[in-house]
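A closer look at the structure
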Amino acid sequence: MSDSETVVAAATPSIADSIVFHGSLSELYRLAKAGKIPTSLQGSHTRPCKFWTASKILSGIRNSILLTHGPSGCAFGVKQAYKLTNSRNSAAPYEPVVSTNLKQTQIVYGGERELKAAILEVDKKYKPSIIFVATSCATGIIGDNVDAVTSQIASQINAQILPVHCEGFAGEYRSGFDLVFREITKLMDAPTAESKAALSEYVNIVGAKMGPERTEIDTDVKELVRLIEGIGGKVHSVIAGNCSLDELRRAPSVAVNCALCLDLGYAIGSAMQDAFGTPLNSTILPYGIAATERWILGAAKYIGKTAEAKALMESEYAAIKEEYEQVLSHLEGKTAIVEGHDAIKSLSIAHMLERDFKMRAIVYNFHPWSAEARETSIDYLLETGLDPEILITKGTLALGKYESMQQTEDELLEFLGSLNPRETVYFGSSLSFPNIPLVDLNAILNRPRFGYRGALKVAKCIKTALDYGFRPRSAMSKRIVFPQNSGLVSVQSLTGKLAQDMPDCTMYAGQRRKGQCMMS
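Model, not experiment: these values are computed from the prediction.

Details of the overall build of the protein
Helix and strand content of the protein: 22 helices and 14 strands. Per-residue burial for the protein yields a buried fraction of 55% across its 520 residues. For the protein, the proportion of contacts with a sequence separation of at least 24, taken over those separated by at least 6, is 74%. For the protein, the accessible surface area stands at approximately 21,500 Å², while carbon and sulfur atoms represent 50% of it.

The structure is reproduced here in structure tokens:
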């Protein structure tokens, strides 16, 4: 079969007409590199700009002020999305996002005077440890000399100051993450023999973003911290997940950096490795037992805790063994359709489904753009010997909402016609409602999803979805749980007990379309 031909397996003629690609990840990767499949994002599928992603990382550094140099709208957006969300979810003090609030006059004549005044005011009023000056599209275009301004004013303020050139037009969204992780290495101190000795049993978790963890949930990061402490190690800092400037300064002296997200963790981990020689433990997201054990052993090697790590792994598995193995007996051989618009997460979930649960994983709606943007993760996954099945239909490349499109849903339903719906689950967003049981990991509040406990929770979620997906329910019971005039409502909005025992889906819509529960 030539490169230009679509790879189609076991498809009916109708679905075959809708398929752009159906084959292995390695084959998609090869075609994308050779330019044999389109890899550009259509306008409706574009990601946040470089300014937004840079701001997301900067929002994860505690006691800092993000000063956006440009019109006020840029500051408003990131403030709402990141800083206010941090405060709402974790009770962390709100740290303002400030704007130089440039108007038409400054866009014509320059805004350096306004920038100087804003820096002085921010330092006096908020007394931060550091001020990040983030350039916007407007100031990037007019060419304000932000580096000169910040350099000249540094001696007049108490805070440290760092300019970040993240104007949105200057790169795609991933570049904002990479830029900031490189820039914050400028804030770090080179290790000394004394600092390395003091932190010889410490690790950093790198590749986090946005800010502190939610207070009321056992989050995935909290689970990784628990596992590190379980082998006798300690976590120095989560970068950039509510880390401080002092933590950043000492960060290169730890024994190893452990990547949270492989792509983002690799960005800062490799920068620190190049600049300071700090080792990097880089793996995929630790969904499932196989990935978790690789992550733990990678950390343990550098802090001299390999024996302790193996003992912890045995005890963690023993704690879930009976229930886990009972659930696994119901999952082996089943099929999971994994929504692929979050490339790293979908590939990590596919790894867990195939390696740990012995299920067939099909990553759906995986845009070919990801084959270029996520090279680090794809290379790693293929090196582990896993080559998941990828299905791309025409709707993925059409204009529309990436996470929820009628066309992609219809195409998926056509594909599902060849599968047994009672042995198939859909890992995706509640924005989409294919005609099979749904597992929405974003809606599971009884986290963690990482580690041994997470593997058990996800496995139980799949079994519950399969058990309840087609279970008949009386109209009376549905109306007791979900009042008919209450609109769309998620199971996860109910009590923790009900949320654990029922699949996440919504009620009351016609003809099994958007919003109708599989129990109807």
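So much for the structure itself; the text now carries on.
Focus on the sheet that holds strand β7 (residues 234-239)
Read from one edge to the other, the open sheet built from four strands follows the order β7-β6-β8-β9, with strand pairing classed as parallel. Both outer strands of the open sheet, β7 and β9 (280-281), are each paired with one neighbouring strand and no more.

Some details on the packing of helix α15 (residues 306-331) against helix α20 (residues 451-468)
At a minimum axis separation of 9 Å, α15 and α20 run at an interaxial angle of 15 degrees. Judged by the angle between their axes, α15 and α20 are roughly parallel. Classified by chirality, the crossing of α20 by α15 is left-handed. Only Y452, A455, L456, A459, K460, I462, K463 and L466 of α20 make contact with α15, whose side of the interface consists of M313, E316, Y317, I320, E323, Y324, V327, H330 and L331. Residues of the contact of α15 with α20, tallied by class, amount to 12 nonpolar, one polar and four charged.

A short note on the side chain of T100
By the secondary structure assignment, T100 is in the loop between β3 (97-99) and α5 (104-109). Given the relative accessible area of 9%, T100 is considered buried. Looking at T100, its side chain comes within polar contact range of the main-chain nitrogen of G70, at 3.0 Å. Contacts of T100, omitting those with residues within four sequence positions, involve L67, T68, H69, G70, E114, L115 and A118.

Focus on the side chain of E167
Positionally, E167 belongs in the loop between β5 (160-164) and α9 (173-183). No salt bridge is formed by the buried E167. Its closest oppositely charged neighbour is K50, at 5.9 Å. Setting aside residues up to four positions removed in sequence, E167 forms contacts with K50, T135, S136, C137 and G140.

Topic: the packing of aromatic side chains
Aromatic ring pairs are defined here through the distance separating the ring centres and the angle between the ring planes. Considering all chains together, one arrives at four aromatic pairs under this definition. A ring pair is formed by Y287 and F450, whose centres lie 5.0 Å apart and whose planes are at 90 degrees; its orientation type is edge-to-face. Taken together, the positions of Y287 in the loop between β9 and α14 (288-303) and F450 in the loop between β14 (438-439) and α20 put the pair 163 residues apart, joining distant regions of the chain. The exposure class assigned to F450 is buried, which follows from its relative accessible area of 4%. Each member of the aromatic cluster is reached from another via a ring pair, and the members are Y317, Y324 and F357.

Topic: the sheet that holds strand β10 (residues 335-339)
Pairing is mixed across the open sheet formed by six strands, whose spatial order is β1-β12-β11-β10-β13-β14. Both edges of this open sheet fall to β1 (19-24) and β14, since each of them pairs with a single strand only. Together, β1, β10, β11 (360-364), β12 (389-393) and β13 (424-427) form the strand contacts of helix α19 (residues 406-416), whose direction differs from that of β11 by roughly 155 degrees.

Details of α9
Summarising burial for α9: 10 of the 11 residues are buried, a large majority. Those residues of α9 that fall on the buried side of the exposure criterion are Y173, R174, S175, G176, F177, D178, L179, V180, F181 and E183. Taken together, the buried residues of α9 touch α3 (50-58), β5, β7, α13 (262-276) and α17 (369-373).

Focus on the pattern of salt bridges
Counted under the stated rule, the structure contains 13 salt bridges. For R453, the salt bridge goes to E223, with nearest N and O atoms at 2.5 Å. Of this pair, R453 sits in helix α20 while E223 is found in helix α11 (residues 220-230), placing the two residues 230 residues apart along the sequence. Taking relative accessible area as the criterion, R453 reaches 30% and is therefore assigned partly exposed. Here E316 ties to R226 by a salt bridge, and the two come within 2.9 Å at their closest N and O atoms. Taken as a pair, E316 in helix α15 and R226 in helix α11 lie far apart in primary sequence, 90 residues in all. Taking relative accessible area as the criterion, E316 reaches 10% and is therefore assigned buried.

Structural notes on the state of the cysteines
Following the criterion strictly, the structure yields zero disulfides and no others. Left unpaired, C137 is separated from the closest cysteine sulfur, that of C49, by 5.9 Å.

What counts and how
- Residues numbered from 1 in each chain as written.
- Predicted model: local features only at pLDDT ≥ 70, side-chain atom pairs only at ≥ 80, totals over all residues.
- Heavy atoms only, no water.
- Helix = DSSP H or I, 4+ residues; strand = E, 2+ residues; numbered from the N terminus.
- Buried < 20%, exposed > 50% of the residue type's maximum accessible area, 1.4 Å probe, protein only.
- Contact = heavy atoms within 4.5 Å.
- Areas by Shrake-Rupley, 256 points an atom, 1.4 Å probe, with all protein chains shown as cover.
- Pairing = 2+ DSSP bridges.
- Axes fitted to C-alpha atoms, helices over the stretch in contact; angles between N-to-C directions.
- Parallel < 35°, antiparallel > 145°, perpendicular 65-115°, else oblique.
- Left-handed = near helix turned anticlockwise from the far one by under 90°.
- Nonpolar A, V, L, I, M, F, W, Y, C, P; charged D, E, K, R; others polar.
- Polar contact = N/O pair within 3.5 Å; in protein donor to acceptor, adjacent residues only side chain to side chain.
- Lys, Arg positive; Asp, Glu negative; His and termini not counted.
- Salt bridge = Lys/Arg side-chain N within 4 Å of Asp/Glu carboxyl O.
- Phe/Tyr/Trp six-rings, centres within 6.5 Å; stacked < 30°, edge-to-face > 60°.
- Disulfide = S-S within 2.5 Å.

Read these as spatial facts, not as claims about activity.
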